[in-house]
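Listed here are the chains, written in short residue letters.
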Amino acid sequence: YEAATWAVNQLQQPHDKPFLLMVGFIRPHVPWLVPQKWFDLHPRSRATPPPYLTNDFDDVPEMARRISEMPMMPTTEWAIAKDKWRDIVQAYLACVTFADDQIGRVLDALDASPAGKNTIIVLWGDHGYHLGEKNRFAKHALWERATRVPLVIVTPSGQGGQVCHQPVSLLDLYPTLLELAGLPPNPANEGRSLKPLLENPDREWPYPAVITWGRNNHAVRDTRYHYMHFNDGSEELYDLVNDPNEWRNLAKDEEYACLLYTSDAADE
């Protein structure tokens, strides 16, 4: 609330030069505490837990489990035993709705300001979160729930309401803003401008997103597959079209061997 209030005040000030305003919201980061009215919008009885597979880790490499262990966070098995899972989901939803309202305050102030019709808006989150999937309530992992984030980009001349299903990276935001603002590219950038996708969300985009967690643990995500390679050589591979919950690790399935990284292929 304080961050939104500060941003609203900034937008109400006169600006005679182009400006960049960055506003960060803590929620829905833990602890999940917001005023009661936001909890009331999400009754516990309607707080539906996500899908959970008790033997989900049977085909997951030991290294994947090790780098995702968060002993200070509750497990799903604990939440089930203590009947706390719906409470956790309710609290998370309350915090998300609270954050949404603060974002709305900032956007209303922007619309009411002289800059409202000439401002690029980017809304994103820095990580996803497990709410019981994979026996955890945490981030810190390479799985889809932890690495997929919200990303909305609005430009003054944009059509609006379009959805792009291509995977992109937060590394792409800096070069995107440079191009949209008419500034020269920075050769140090590793990302790619997303301006072509803003103009045509359905265009071909042959660039998968690359994600890292911990030393030498990497993931590659395209429109269908999610591949992970860990620092001990172990692997995970998921077909997100047929297995959106990432319950079946295909890394040892010979049918999918052509998709996997190998040192021999890299040498060639």
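Think of each chain on its own: its residues are numbered from 1, step by step along the sequence as written. Side-chain atom pairs in this predicted model are given and counted only at pLDDT of 80 or more, local residue features only at pLDDT of at least 70, and totals for whole chains, interfaces and linings cover all residues. Think of the side-chain values as coming from all heavy atoms in the structure, minus any hydrogens and water.

K.L.:
Quick question: what am I supposed to make of the nonpolar core here?
P.N.:
The tendency in soluble globular proteins is for nonpolar side chains to be buried side by side. Throughout this description, the term nonpolar core refers to a set of buried Ala, Val, Leu, Ile, Met, Phe, Trp, Tyr and Cys residues connected via side-chain atoms within 4.5 Å. Only protein chains enter the calculation, and the probe is 1.4 Å; a residue is then buried if its accessible area is under 20% of its type maximum, exposed if over 50%, and partly exposed in between. Of all hydrophobic cores here, the largest spans 18 residues; its most connected members are W32, V34, W85, I88, L131 and F137. Secondary structure elements follow DSSP: runs of H or I of four or more residues count as helices, runs of E of two or more count as strands, with numbering from the N terminus. Listing elements by their share of this core, those giving two or more residues are α2 (36-40) and α5 (85-111). With 8 residues, the top contributor of residues to this core is α5. The contact definition used throughout considers only heavy atoms, calling two residues in contact when any of these lie within 4.5 Å. In this view, L131 contacts W32, P50, W85, I88, Y92, R136 and F137; residues no more than four positions away in its chain are not counted. If you look at the next biggest cluster of nonpolar residues, it comprises 14 residues, including A64, A141, L142 and I211.

K.L.:
Help me understand the sheet that holds strand β6 (residues 235-239) in this model?
P.N.:
Pairing between the strands of a sheet is mediated by backbone hydrogen bonds and can be parallel or antiparallel. Strand pairing requires that DSSP identify at least two bridges connecting the strands. One open sheet holds the 4 strands; their spatial order is β3-β4-β5-β6, and the pairing between them is antiparallel. Two strands in the sheet have a free side with no partner beyond their single neighbour: β3 (209-212) and β6. Direction aside, neighbouring strands of the sheet carry axes that sit 15° apart on average. Pairing of β3 with strand β4 (residues 218-221), which is carried by 4 bridges, proceeds in the antiparallel orientation. Among the inter-strand pairings, V210 is bridged to a residue of β4, identified as V220. Axis lines are fitted to C-alpha atoms, over the contacting stretch for helices. Their N-to-C directions set the angle, which ranges from 0 to 180 degrees.

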